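# Architecture and fold: a report
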Amino acid sequence: MLDGTNLYGLDINGASFVKACGGPCTEGCVTLARIGDNAWALGDSKRPDAAPLRFSTEELTAAGIDPARFGLSV
């Protein structure tokens, strides 16, 4: 399993982020991108200057986030 050091060592330049809002929000403030095997970046489109946080698939699952719900394959 990837740990935080490995996740933040991955290059996310060129990552394709998609809107990952779970509610009726039309602004799409939460963004999600696959950045490697078992690795994801979670960003905030309202704060483009803030670096995206990075999570493993297991961490997203534990938080109740399913990338497939937003068109991303696991």
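Scroll up for the structure.
As a starting point, this report considers the structure included with it. (Residues numbered from 1 in each chain as written. Predicted model: local features only at pLDDT ≥ 70, side-chain atom pairs only at ≥ 80, totals over all residues. Heavy atoms only, no water.)

## Here we look at the pattern of salt bridges
- Under the defined criterion, the tally for this structure stands at one salt bridge.
- A salt bridge links aspartate 37 to arginine 34; the nearest nitrogen and oxygen atoms lie 3.8 Å apart.
- A relative accessible area of 66% places aspartate 37 in the exposed class. (Salt bridge = Lys/Arg side-chain N within 4 Å of Asp/Glu carboxyl O. Buried < 20%, exposed > 50% of the residue type's maximum accessible area, 1.4 Å probe, protein only.)

## With respect to the pairing of strand S4 (residues 53–56)
- Side chains Arg54 and Ser56 project from S4 onto a buried face, and the interleaved Leu53 and Phe55 project onto a face without burial.
- Alignment of strand S3 (residues 39–44) against S4, held across four bridges, turns out to be antiparallel. Of the residues in S4, the one forming a bridge with leucine 42 is leucine 53. (Helix = DSSP H or I, 4+ residues; strand = E, 2+ residues; numbered from the N terminus. Pairing = 2+ DSSP bridges.)

## Let's talk about the nonpolar core
- Among the nonpolar cores identified, the biggest contains six residues, and these are Ala20, Leu32, Trp40, Leu60, Phe70 and Leu72.
- Grouped together as the second largest cluster of nonpolar side chains are five residues, Ile12, Ile35, Ala39 and Ala41 included. (Core = buried A, V, L, I, M, F, W, Y, C linked by side-chain atoms within 4.5 Å.)

## Some details on unusual backbone geometry
- Unlike most non-glycine residues, asparagine 38 shows phi in positive territory, near 65°.
- Relative to the helices and strands, asparagine 38 is located in the loop between strand S2 (30–36) and S3.

## Brief notes about the side chain of threonine 57
- Here threonine 57 shows up in helix H2 (residues 57–62).
- Threonine 57 gets classed as buried once you look at its relative accessible area, which sits at 14%.
- With residues up to four places along the chain from it excluded, the contact list for threonine 57 reads Asn38, Ala39, Trp40 and Val74. (Contact = heavy atoms within 4.5 Å.)

## With respect to the sheet that holds strand S1 (residues 18–19)
- In spatial order, the strands read S1-S2-S3-S4; together these four strands make up an open sheet with antiparallel pairing. Strands with a single pairing partner mark the edges of an open sheet, and in this sheet they are S1 and S4.
- Bridge count between S1 and S2: two bridges; the pairing is antiparallel. Within S2, the residue paired with valine 18 across the bridge is leucine 32.

## What to know about the pairing of S3
- With six bridges connecting them, S2 and S3 associate as antiparallel partners. The residue of S3 that forms the bridge with glycine 36 is alanine 39.
- The hairpin turn running from S2 into S3, its antiparallel successor, is two residues long, and asparagine 38 in that turn takes a positive phi close to 65°.

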